[in-house]
Amino acid sequence: MQHQTLFMKCKLLILNLSVSLLLIGTLPTTLIASETESSNNTPPQDPVFARINDKTIYFSEFMDIFRGAIRFKYYHGEVPKAELIEFQKQVGSDIIKQILLRDEAIKMGLKPDLEKISKGIDEYEKKYRNDPREKAGSEAKRAKMTELLKQKDLYDQIKNKIRDVPIPNTKSVFDFYTNTPEKFTEPKRTWLSVILFSVPPSSVNEVWLDAKKMASQLKFRILEGENFEEFARELSGHPSAVNGGDLGYLHDGVLDDVAMEAVSNLKINDLSEPVRVLEGFILLRVNGIQPAKLKPFEEVKERAADLLFRQLQDDTWENYQKHLIESADIEVNEELYAASDNEK
């Protein structure tokens, strides 16, 4: 059987500007190639980039899609040198995956919803009917858009079909809850109070040293029995001063790393050393600690069921695509990845 040529130039369509990404989230599912009839226009010097079963992709076709992927992902239209080869491989892998998925959809007897597609294009043309840029070559644009939306519709159909898995039962949900406690554990929280000794960012080093010295002196006075809350109300430049410096319970990560490290090993009623932050120096006091706590199953079972169901859908879809790739006859000339660096 002759290899069919996949002319992908100008066959790119941004089909879905969501965060739904193929593979590891690098190349969007929006890059769908449209299959055409074999052509004799491919120049003989155009090397073969890949063969997927009975189909051939030429290097020029890969580059058309690769350039589109660069424009989509990289704002300045240039791939950082360190990421180039890996990004090329991801684009190539995604092209292969899309071709295999399209072929499988056709084998399953799936057909594009032409009525839905036509209606969508009608609405698009109505919205932009007064735009002169849209009027030029409108028939050709409509034909191209129709073909691309057919590919998108087939992709959506096969994805929905494969992801249509049974809803997990209660035992499966409970096992998932038991085996992944980190998903249902409320993290440790620390109840803190703060006194901020404000320092304008442009201050000279001497001002910063004075603020640190003041914080150290105040820490000593508090340890000797003077009232933390009164000092906070009188001296602190933090908004919490009106509440005696009370910040309430905070999860790890709410404060900056330096501040959290300063209190990480403190016990209740301990004071931190003076900590330099953007706004000046701070003293922190630990008022209470709530350890990490696994939430009861009854409290989280609906969320657990939803998480498990989505994981089963994702796993089924990923395994299906993996099986397609492993079962296909695929040859990729990876030497051309380096060559494409010179073709951008």
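Residues numbered from 1 in each chain as written. Predicted model: local features only at pLDDT ≥ 70, side-chain atom pairs only at ≥ 80, totals over all residues. Heavy atoms only, no water.

Q: Would you mind going over the nonpolar core with me for this structure?
A: When a protein is soluble and globular, its nonpolar side chains tend to lie buried together. With 33 residues, the main nonpolar core has F62, F66, F87, V91 and I158 as its most contacted residues. Listing elements by their share of this core, those giving two or more residues are β2 (48–52), α1 (59–73), α2 (84–107), α5 (138–162), α10 (297–327) and α11 (335–339). Looking at this core, the element that brings in the most residues is α2, giving 9 residues. Beyond its immediate sequence surroundings of up to four residues, I158 is in contact with L101, E104, A105, M108, L110, W317 and Y320. (Core = buried A, V, L, I, M, F, W, Y, C linked by side-chain atoms within 4.5 Å. Buried < 20%, exposed > 50% of the residue type's maximum accessible area, 1.4 Å probe, protein only. Helix = DSSP H or I, 4+ residues; strand = E, 2+ residues; numbered from the N terminus. Contact = heavy atoms within 4.5 Å.)

Q: Any chance you could explain unusual backbone geometry here in plain terms?
A: At N53, a position not held by glycine, the phi torsion is positive, near 55 degrees. One can find N53 in the loop between β2 and β3 (55–58). Look at N269: it is not a glycine, yet its phi comes out positive at around 80 degrees. Counting through the fold element by element, N269 comes out in the loop between α9 (257–263) and β7 (275–277).

Q: Sorry if this is basic, but what is going on with the packing of α5 against α10 here?
A: Packed helices, taken two at a time, are described by the angle between their axes plus the distance between the axes. Where α5 contacts α10, the two axes come as close as 9 Å, and the packing angle between them is 115 degrees. Along its contact with α5, which presents Y155, I158, K159 and I162, the element α10 presents T316, W317 and Y320. (Axes fitted to C-alpha atoms, helices over the stretch in contact; angles between N-to-C directions.)

Q: Looking at this structure, how should I read helix α8 (residues 228–235)?
A: The periodicity of an α-helix, 3.6 residues per turn, causes residues three or four positions apart to be oriented the same way. For α8, the full list of buried residues reads F228, F231 and A232. The arc that holds every buried residue of α8, seen down its axis, measures 100 degrees, which confines them to one face. Looking at the buried positions of α8, the neighbouring elements they touch are β5 (189–198), α7 (205–223) and β8 (280–290). Structurally, the start of α8 carries an N-cap: the backbone nitrogen of E229 is 2.9 Å from a side-chain oxygen of N227. (Arc of directions from axis to C-beta. Polar contact = N/O pair within 3.5 Å; in protein donor to acceptor, adjacent residues only side chain to side chain.)

Q: What exactly am I supposed to notice about the packing of aromatic side chains here?
A: Here the distance between the centres and the angle between the planes together describe a pair of aromatic rings. All chains considered together, the criterion is met by 16 aromatic pairs. A ring pair is formed by F62 and F66, whose centres lie 5.7 Å apart and whose planes are at 10 degrees; its orientation type is stacked. Taken together, the residues span about one helical turn, with F62 and F66 both in helix α1 at a distance of 4 residues. Of the two residues, F62 and F66, neither departs from the other in class, the shared state being buried. (Phe/Tyr/Trp six-rings, centres within 6.5 Å; stacked < 30°, edge-to-face > 60°.)

Q: Please explain α7 as it appears in this structure.
A: Counted at 1.5 Å a residue, the expected span for α7 with its 19 residues is 27 Å, and the 27 Å between its end C-alpha atoms agrees. Where α7 is buried, its residues contact β5, α8, β7 and β8. Phi turns positive, to about 120 degrees, at G225, one or two residues after α7. (Expected span 1.5 Å × (residues − 1).)

Q: Got a minute to help me understand the sheet that holds β8 in this structure?
A: The pairing of strands in a sheet comes from backbone hydrogen bonds and takes either a parallel or an antiparallel form. Sheet architecture is open: 4 strands sit in the order β6-β5-β8-β7, paired in antiparallel fashion. Lying at the two open borders of the sheet, with one neighbouring strand each, are β6 (246–251) and β7. Direction aside, the axes of adjacent strands within the sheet are offset by 45 degrees on average. Pairing analysis gives 10 bridges linking β5 to β8, with the strands arranged antiparallel. Bridging from a neighbouring strand, L196 pairs with I282 of β8. Sheet strands touched by α7: β5, β7 and β8. Its angle to β8, the strand with the most contacts, is close to 35 degrees. (Pairing = 2+ DSSP bridges.)

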